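Here is what each chain is made of, one letter per residue.
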Amino acid sequence: MSKKIILSGIQATGKLTLGNYLGAIDNWVKMQEEYNCYYMIANLHSLTVRNDPETLKNNTLKILAIYIAAGLDPEKNTIFIQSQVKEHAELGWILDCYTYMGELSRMTQFKDKAAKHADNINAGLFTYPALMAADILLYQANLVPVGEDQMQHLEITRDIAERFNKLYGETFVMPEGYVRKSSARIMGLQDPNQKMSKSATNLNDVIFLEDEPDVILKKFKKAVTDSENEVRFNPETKPGVSNLMQIYSSITSKTMQEIEKEFEGHGYGDFKTKVAEAVIEKLEPIQKKYKEILDNPKYLEEIYTKGAESARKLASETLNMVKQKIGIIV
Ligand code: ATP
Ligand code: LTN
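Throughout, residues of each chain are indexed from 1 in the direction in which the sequence is written. The lettering of chains begins at A and the numbering of ligands begins at 1, in the order of writing. Reporting of local features is limited, given that this is a predicted model, to residues whose pLDDT is at least 70; pairs of side-chain atoms are given and counted only at 80 or more, and all residues count toward the totals for whole chains, interfaces and linings. Only hydrogens and water are set aside when side-chain values are computed; all heavy atoms of the structure are taken into account.

Whenever I open this one, the nonpolar core confuses me. Can you help?
Where a protein is soluble and globular, its nonpolar side chains tend to be buried together. The biggest cluster of nonpolar side chains holds 63 residues, and the ones touching the most others in it are Ile25, Tyr67, Phe220, Ile247 and Phe271. Put simply, DSSP marks the helices as runs of H or I at least four residues long and the strands as runs of E at least two long, and each gets a number from the N terminus on. With eleven residues, helix 11 (residues 268-294) is the largest single contributor of residues to this core. Not counting residues within four places of it along the chain, the set of residues in contact with Tyr67 comprises Gly9, Ile10, Ile25, Trp28, Tyr39, Met40, Ile41, Leu72 and Ile79. Throughout this description, the term nonpolar core refers to a set of buried Ala, Val, Leu, Ile, Met, Phe, Trp, Tyr and Cys residues connected via side-chain atoms within 4.5 Å. Under the scheme applied here, a residue whose accessible area is under 20% of the maximum for its type counts as buried, over 50% as exposed, and between as partly exposed, the area being computed with a 1.4 Å probe on protein chains only. Whether two residues touch is decided by their heavy atoms; if any such pair falls within 4.5 Å, the residues are in contact.

This is the structure in structure tokens:
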């Protein structure tokens, strides 16, 4: 039996965070043996906010370097840059025409980003989910590993696919979202009621994958907790401590009970240091490899060139089928 297909991606806007790593990349690494995986850098999606051109280019390559440094094997996976496979933009347009304004206006990501960038609520920000649906459907993906915040986009993708299949007969495979429970939503260290996000304004809220060990330790030490001084899991009443436990758990694979036991009778100071140390230890080899890879732009170019070639094969097959069905001359 042929392997199931996975597709996922990360926008090339800003520096990657511990949330991106635990919520997305680390899961991808675990899936690469079992599935036929397509992992992309969503640089077209990045255009929905304003970027400095040079920074966008650098961020695209940095994310690629992180993918490899974190353990994605370019021999086993198809790793590519979205814009290099033109079929994404083309199917994106087609799917725009099968997506309703009403559906798009319900998207919480759109509402959040529109509030954050009130001076630039562009049409691309609004139709973002149709392009994301194209990313997924082009590869007939069965499974899409993402953080919990992306599940609404998965649902709209399924709605679009189903609508299209009803109109034109079986065309797209129905994708399922896949969220790993332990790291579904890593929260900010300063505001544990908001997800940890690349575009946060308070830098102490976020652990960036590039942060030096002393910076990581400092940020964890400053993390917001509560006045109980008891390491106990309860996201409702103890969001700060629970978030730190979540991070510790997804790195060490310990259960919440095991963590509660480990820190019974210890204060928060000790706990925070242990969480920081676990994160530092996990990130150190990744950071080392990341620096080496970034120093070798030729290697990166080889990877994305080969990835795009391989991605194009499946993408163009799907796009041609779609065009034939809707009456666009191929
Ligand atoms: P932005 O802040 O610019 O919206 P982001 O940090 O949310 O960016 P995305 O590119 O939107 O990053 O997300 C890439 C992947 O990382 C998605 O699968 C998303 O669900 C996951 N992810 C992002 N932040 C978190 C988080 N805090 N916890 C778990 N998963 C996350
Ligand atoms: N919208 C996603 C990034 C993204 C994506 C995709 C994720 C773009 N295309 C396709 C999975 C599948 C986000 O994380 N903000």
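How do you make sense of a negative patch on the surface when you look at a structure like this?
Judged by side-chain charge, Asp270, Glu277, Glu281 and Glu284 come together as a negatively charged surface patch. Structurally, Glu281 can be placed in helix 11. Each patch is assembled from residues with relative accessible area greater than 30% and no salt bridge, linking like charges that lie within 9 Å and nonpolar side chains (Val, Leu, Ile, Met, Phe, Trp, Tyr) that lie within 5 Å. Note on areas: Shrake-Rupley, 1.4 Å probe, and residue coverage restricted to the protein chains presented here. A side-chain nitrogen of Lys or Arg and a carboxyl oxygen of Asp or Glu constitute a salt bridge if their distance falls within 4 Å. Charge convention: Lys and Arg are scored as positive, Asp and Glu as negative, and His as well as the terminal groups of each chain are ignored. Working definition for charges: the position is that of NZ of Lys, CZ of Arg, CG of Asp or CD of Glu.

Sorry if this is basic, but what is going on with the packing of aromatic side chains here?
Aromatic ring pairs are described here by two measures, namely the spacing of the ring centres and the angle between the planes. Between the rings of Phe, Tyr and Trp (Trp by its six-membered ring), a pair exists once the centres lie within 6.5 Å; its type follows the angle of the planes, with under 30 degrees stacked, over 60 edge-to-face, and the other angles tilted. Counted under the stated rule, the structure contains eleven aromatic pairs. Their ring planes at 75 degrees and their centres at 5.2 Å tell us that Trp28 and Tyr67 sit as a pair that is edge-to-face. One end of the pair, Trp28, is in helix 1 (residues 18-31); the other, Tyr67, is in helix 2 (residues 53-69), with 39 residues separating them in the sequence. Looking at Trp28, the relative accessible area reads 0%, which means it is buried. Taking the centre distance of 5.3 Å and the plane angle of 65 degrees together, the rings of Tyr98 and Phe164 count as edge-to-face. In this pair, Tyr98 is assigned in the loop between helix 3 (87-96) and helix 4 (101-105) and Phe164 in helix 7 (residues 151-168), connecting sequence segments 66 residues apart. Neither residue differs from the other here; Tyr98 and Phe164 are each classed as buried. Through a chain of ring-to-ring contacts, three or more aromatic side chains come together here, namely Tyr98, Phe164, Tyr168 and Phe172. Only Lys NZ and Arg CZ are tested; either one counts as a charge over a ring when it is within 6 Å of the ring centre and within 35 degrees of the ring normal. The ring of Phe208 has Lys15 sitting right over it, with the charged end atom 4.6 Å from the ring centre.

Please clarify how unusual backbone geometry should be interpreted in this entry.
When glycine is set aside, most residues are seen to have a negative phi, and most peptide bonds are trans. With a phi close to 50 degrees, Gln140 is a non-glycine residue in the positive phi region. For Gln140, the position within the fold is in the loop between helix 6 (123-137) and strand 4 (143-145).

Sorry if this is basic, but what is going on with the site of ligand 2 here?
We call a residue near a molecule or strand as soon as one heavy atom of that residue lies within 4 Å of the molecule or strand. Inspection of the region around ligand 2 gives 15 residues, with Met40, Tyr128, Met132, Asp135 and Gln150 positioned closest. A 3.5 Å cut-off defines polar contacts: any pair of N or O atoms within that distance qualifies, except that in protein one atom must be a possible hydrogen donor and the other a possible acceptor, and neighbouring residues in sequence count only when both atoms are side-chain atoms. In this structure, Tyr128 approaches ligand 2 through a side-chain N or O atom, which is 2.6 Å from a nitrogen atom. Between ligand 2 and the protein, one listed contact pairs a nitrogen atom with a side-chain N or O atom of Gln150 at 3.1 Å. Within the complex, the protein chains bury 92% of what would otherwise be the 360 Å² of accessible surface of ligand 2. Looking at the shell around ligand 2, the elements that each hand over two or more residues are strand 1 (5-11), strand 2 (36-42) and helix 6.

I keep staring at helix 2 and nothing clicks. Help me out?
Owing to its 3.6 residues per turn, the α-helix brings residues three or four apart onto one side. What a helix should span is 1.5 Å times the count of its residues minus one. The end-to-end C-alpha separation of helix 2 is 24 Å, in line with the 24 Å expected for 17 residues at 1.5 Å each. Along helix 2, the residues that are buried comprise Leu56, Asn59, Thr60, Ile63, Leu64, Ala65, Ile66, Tyr67, Ile68 and Ala69. Taken together, the buried residues of helix 2 touch strand 1, helix 1, strand 2, strand 3 (78-81), helix 11 and helix 12 (297-326). Positive backbone phi, at 120 degrees, marks Gly71, one or two positions downstream of helix 2.

Looking at this structure, I do not really get the site of ligand 1. What am I missing?
Close to ligand 1 lie 20 residues, the nearest being Lys113, Asp149, Ile186, Lys195 and Ser197. For ligand 1, an oxygen atom lies 2.6 Å from a polar atom in the side chain of Lys113. In this structure, an oxygen atom belonging to ligand 1 sits 2.8 Å away from a side-chain N or O atom of Lys198. Taking 600 Å² as the accessible area of ligand 1 by itself, protein coverage stands at 97%. Residue assignment for the shell around ligand 1 shows that the elements contributing at least two residues are strand 1 and helix 1. Among the elements that line the shell around ligand 1, the one with the most residues is helix 1, at four residues.

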